[in-house]
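Chain and residue survey
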Amino acid sequence: MELRDIEIFLTLAEELHFGRTAERLHVSQARVSQAIRKQERRIGSPLFDRTSRRVELTPIGHKLRDDLRQAYDLIQGGLARAAAAGSGLHGTLRLGVMGALGNELRPVIEKFEARYAECDVLISEFHFSDPFGGLRAGEVDVQLMWLPIREPDLVHGPSLLTEGRVLAVASTSPLADRASVSLEDLGDLVVLDPGTVVPAYWIESMLPQRTPQGRVIRRGQVARTFHEVLGHIAGGRLVSPLNAHVSRYYSYPGIRFVPIEDAPLTEWALVWPRASAADPILKAFVDTVQGG
C-alpha cells in the first residue's frame, strides 16, 4: 500500500466525508474513492459503510485505522527528524509567556523538540506591565500575547488560542455569587491601574476605560505583577477582567472568578521582532506551532 493511499484512508477515517477528505488533501474526490476501492479490493472486505447520508468505518476498517495510524505516525516522525537533522538546527528558543500559559503550548513545544532533537525551548515569564520590554531587549525570542499587536517593529502570527473572560472579585463582593456579570457592571467598580509603560490600545482591549454605555471605569491601585493584582482583588480594593484560563490554573484565597457574558473573546498569538523573522530556529518553531 502506497504512503499516499494510507494517508487518504486515515484522513477519510477521521473526516468520514469524501468531499472534506479530498479538500483537506488537495486531491479530487475521485482520487479518494479510487484509493479506498483499491484498498478494499486488496483486503477483500469493505473498510467503510457508505450511504447517501453518512460514511462509517466497518469493524475491519476500525482495526486497520488503529494499526496504520501508529505506523504512519512513526514514518512521519522519522521523516521529520531526518529533515531536521539535515537542516543542522541546534540551540535554544526563548519563549516568553504570561503566567501559566506556557502549559497551553506544551503539546506544540513537545512536537517542536521531538522534530528538532538538537533544539529546546526555554520558557520565561513576562508581566503585562512591560509587555514588549523583553522582546526588544533580546531577552526572549518570541512571546505568546493577546491581540491586537500594533507595534511597527514586531510581527505576530495567526491566532493560536481563543478564550472567554472572567471578572475576578473579592469573595465578599455582591458579584461573587452571580452566575455571570456584564461589562456594564464595571461602571460601578474600580479596576487596576496598569501603569504608564503599557500601550493604551493593548491594555484597553482587556481593561476598557468605558462601559458599552459610555460610563467611565475608574482606575485604582497600580499593579505591576499578576500576584499584586490578586492581592488587591482579595483585599477588595479593585476587581479585574482576566482571561478564562486563570480560573483553571489559580485558586486564590478570597477571590471568585465570575464569567463576563458579553466580553469579547481573547485571541492569543506568537509575537516576535521583525528583525528576527529570518532566524532559522524561530522560523522552525513558528512553522511547527502553526501546523507546519
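First, a word on scope: everything that follows refers to the structure included in this document. (Residues numbered from 1 in each chain as written. Predicted model: local features only at pLDDT ≥ 70, side-chain atom pairs only at ≥ 80, totals over all residues. Heavy atoms only, no water.)

1. Topic: unusual backbone geometry
The criterion, for reference: Only DSSP runs of H or I covering at least 4 residues are called helices, and only runs of E covering at least 2 are called strands; the numbering of each starts at the N terminus. Residue burial is assigned from relative accessible area. The probe radius is 1.4 Å, only protein chains are included, and a residue is buried under 20% of its type maximum, exposed over 50%, and partly exposed in between.
With omega at 15°, the peptide bond leading from Leu147 into Pro148 counts as cis. The backbone phi angle of Leu16 is positive, close to 55°, even though this residue is not glycine. You can see Leu16 is positioned in the loop between α1 (3-15) and α2 (18-25). At His26, a position not held by glycine, the phi torsion is positive, near 60°. The residue His26 is located in the loop between α2 and α3 (29-43) in this model. By relative accessible area, which is 72% here, His26 ends up exposed.

2. Focus: the packing of helix α5 (residues 106-115) against helix α10 (residues 280-289)
Rule in force here: Axis definition: a line fitted to C-alpha atoms, over the contacting stretch in the case of helices. Angles run 0 to 180 degrees between N-to-C directions. Orientation labels follow simple angle bins: below 35 degrees gives roughly parallel, above 145 gives roughly antiparallel, 65 to 115 gives roughly perpendicular, and whatever is left gives oblique. Here is the rule for handedness: rotate from the far helix to the near one, and if that takes an anticlockwise turn smaller than a right angle the crossing is left-handed, while a clockwise turn gives right-handed. The contact definition used throughout considers only heavy atoms, calling two residues in contact when any of these lie within 4.5 Å. The nonpolar class holds Ala, Val, Leu, Ile, Met, Phe, Trp, Tyr, Cys and Pro. Asp, Glu, Lys and Arg form the charged class, and all remaining residues, Gly among them, are polar.
In the contact formed by α5 and α10, the axes pass within 9 Å of each other and the chain directions differ by 125°. Taken together, α5 and α10 sit at an angle that is classed as oblique. As α5 runs across α10, the sense of the crossing is right-handed. Where α5 abuts α10, its residues Val108, Ile109, Lys111, Phe112 and Arg115 lie against Ile281, Ala284, Phe285, Thr288 and Val289. In terms of residue class, the contact of α5 with α10 is made up of seven nonpolar, one polar and two charged.

3. What to know about the pattern of salt bridges
Note the threshold: Salt bridges, as used here, are contacts in which a Lys or Arg side-chain nitrogen is within 4 Å of a carboxyl oxygen on Asp or Glu.
Applying the stated rule across the entire model yields 19 salt bridges. With a closest N to O distance of 3.2 Å, Arg31 and Asp5 form a salt bridge. One end of the pair, Arg31, is in helix α3; the other, Asp5, is in helix α1, with 26 residues separating them in the sequence. For Asp5, a relative accessible area of 2% translates into the label buried. As a salt-bridge pair, Arg178 and Asp185 come within 3.1 Å of each other at their nearest N and O atoms. The class for Asp185 is buried, based on a relative accessible area of 17%. Each of Glu14, Glu15, Arg20 and Arg24 takes part in salt bridges that share partners, so that together they form one network.

4. Quick word on the nonpolar core
One recurring pattern in soluble globular proteins is that nonpolar side chains are buried together. As a reminder of what qualifies: Buried Ala, Val, Leu, Ile, Met, Phe, Trp, Tyr and Cys residues that are joined via side-chain atoms within 4.5 Å together make up what is termed a nonpolar core.
Ranked by internal contacts, the top residues of the largest apolar core, which has 68 residues, are Leu95, Leu167, Leu270 and Phe285. Take this core: its biggest share by element is six residues, from α10.

These figures come from the coordinates and say nothing about function on their own.
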